Amino acid sequence: MNVRRAEERDIEKIKDLLNQVLAVHNNGRPDLFKRDCRKYTDDELNELIKDDDRPIFIVEENSVLGYAFCVIKKNSNHNMTDIKTLYIDDLCVDENVRGKHVGTVLYEYVKEFAKRISCYNLTLNVWACNENAVKFYEKLGLKPQSTMMETIL
C-alpha cells in the first residue's frame, strides 16, 4: 500500500468515501446528519487539495482505499501552552476493505508526518455512535483528551 498527498485525479473516489462516512453518521445520528449531502463541495475539495495547512492523504493499492483530511493547528490560546497539533478532521477507509489494516497504514503515515513537521500531538474527534471507529482508534493507542456531552431537549 502506498500513502501520498491527494491530487485532483482522486476527487471522484474521495467523494465516494465522503458519502460512506455520511451514511455511517446519518445512520447513527439522523437528527444531526443530513442524508443527501457531502461535507465538502467539489470546489472546496479542489481548494483543500492545494492547501499545505490542510493536507489530505490517500492510501492506495491500484485504487484509492481511504483518506485522511488533516489540519495543522497552532494553539496560541493565552491560557494554554503554545503547541502545534495535527488534527485529523476526517478519516475513512472504503467499506469494501475495512479490517485489512488499510486504516492502520494510513494512520501511521499521518502520525509520522505529524512528527516530521514537529507537532506536539495528533488529535481527532469521533462520534460515540460510531462504535467501530472508537474501537479502531483505541486499538491504535488514542485516548480521550476531552469529552463533549449533550442532552437532547
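Anything mentioned here points back to the structure above.
Conventions adopted
- Residues numbered from 1 in each chain as written.
- Predicted model: local features only at pLDDT ≥ 70, side-chain atom pairs only at ≥ 80, totals over all residues.
- Heavy atoms only, no water.
- Helix = DSSP H or I, 4+ residues; strand = E, 2+ residues; numbered from the N terminus.
- Rg over C-alpha atoms; globule rule 2.2 N^0.38 Å.
- Contact = heavy atoms within 4.5 Å.
- Areas by Shrake-Rupley, 256 points an atom, 1.4 Å probe, with all protein chains shown as cover.
- Lys, Arg positive; Asp, Glu negative; His and termini not counted.
- Charge placed at Lys NZ, Arg CZ, Asp CG, Glu CD.
- Buried < 20%, exposed > 50% of the residue type's maximum accessible area, 1.4 Å probe, protein only.
- Pairing = 2+ DSSP bridges.
- Right-handed = clockwise from strand over helix to strand, strands pointing away.
- Arc of directions from axis to C-beta.
- Axes fitted to C-alpha atoms, helices over the stretch in contact; angles between N-to-C directions.

1. Regarding the overall build of the protein chain
So, step 1. Helix and strand content of the protein chain: four helices and five strands.
So, step 2. Helices (α) and strands (β) of the protein chain occur, in sequence order from the N terminus, as β-α-α-β-β-β-α-β-α.
So, step 3. By the compact-globule yardstick of 15 Å for 153 residues, the protein chain fits well, its C-alpha radius of gyration being 16 Å.
So, step 4. Seen through its C-alpha atoms, the protein chain measures out along the principal axes to roughly 45 × 45 × 30 Å.
So, step 5. In the protein chain, of all internal contacts separated by at least 6 residues, the share reaching a separation of at least 24 is 62%.
So, step 6. Accessible area for the protein chain stands at about 10000 Å²; split by element, carbon and sulfur atoms hold 49% of it.
So, step 7. Charge separation in the protein chain, taken as the distance between the mean sites of 23 positive and 26 negative side-chain charges, equals 4 Å.

2. Quick notes on the pairing of strand S5 (residues 121-124)
So, step 1. Alternating residues of S5 divide into Asn 121 and Thr 123 and Leu 122 and Leu 124, and every residue in both groups is buried.
So, step 2. Bridging between strand S4 (residues 83-93) and S5 involves four bridges; their strand directions are parallel. When the sheet's bridge partners are listed, Ile 88 is paired in S5 with Leu 124.
So, step 3. Read as a crossover between parallel neighbours, the route from S4 over helix H3 (residues 102-116) to S5 is right-handed.

3. Considerations on the side chain of His 25
So, step 1. Among the secondary structure elements, His 25 is positioned in helix H1 (residues 11-28).
So, step 2. For His 25, a relative accessible area of 13% translates into the label buried.
So, step 3. The contact partners of His 25, leaving out residues within four places of it in the chain, are Pro 30, Phe 33, Trp 127 and Asn 130.

4. Looking at helix H2 (residues 42-50)
So, step 1. Along H2, the residues classified as buried are Leu 45, Leu 48 and Ile 49. Taken end-on, H2 shows its buried residues confined to a sector of 100°, consistent with a single buried face. Exposed and oriented more than 90 degrees from the buried face of H2 are Asp 43, Glu 47 and Lys 50.
So, step 2. Residues of H2 that are buried sit in contact with strand S1 (2-5), H1, strand S2 (56-60) and strand S3 (64-75).

5. Some details on the sheet that holds S3
So, step 1. Read across the sheet, five strands follow the order S1-S2-S3-S4-S5 without closing on themselves; strand pairing throughout is mixed. Of all strands in the sheet, those with a lone pairing partner are S1 and S5, marking the two edges. Neighbour-to-neighbour, the strand axes of this sheet turn through a mean angle of 30°, independent of strand direction.

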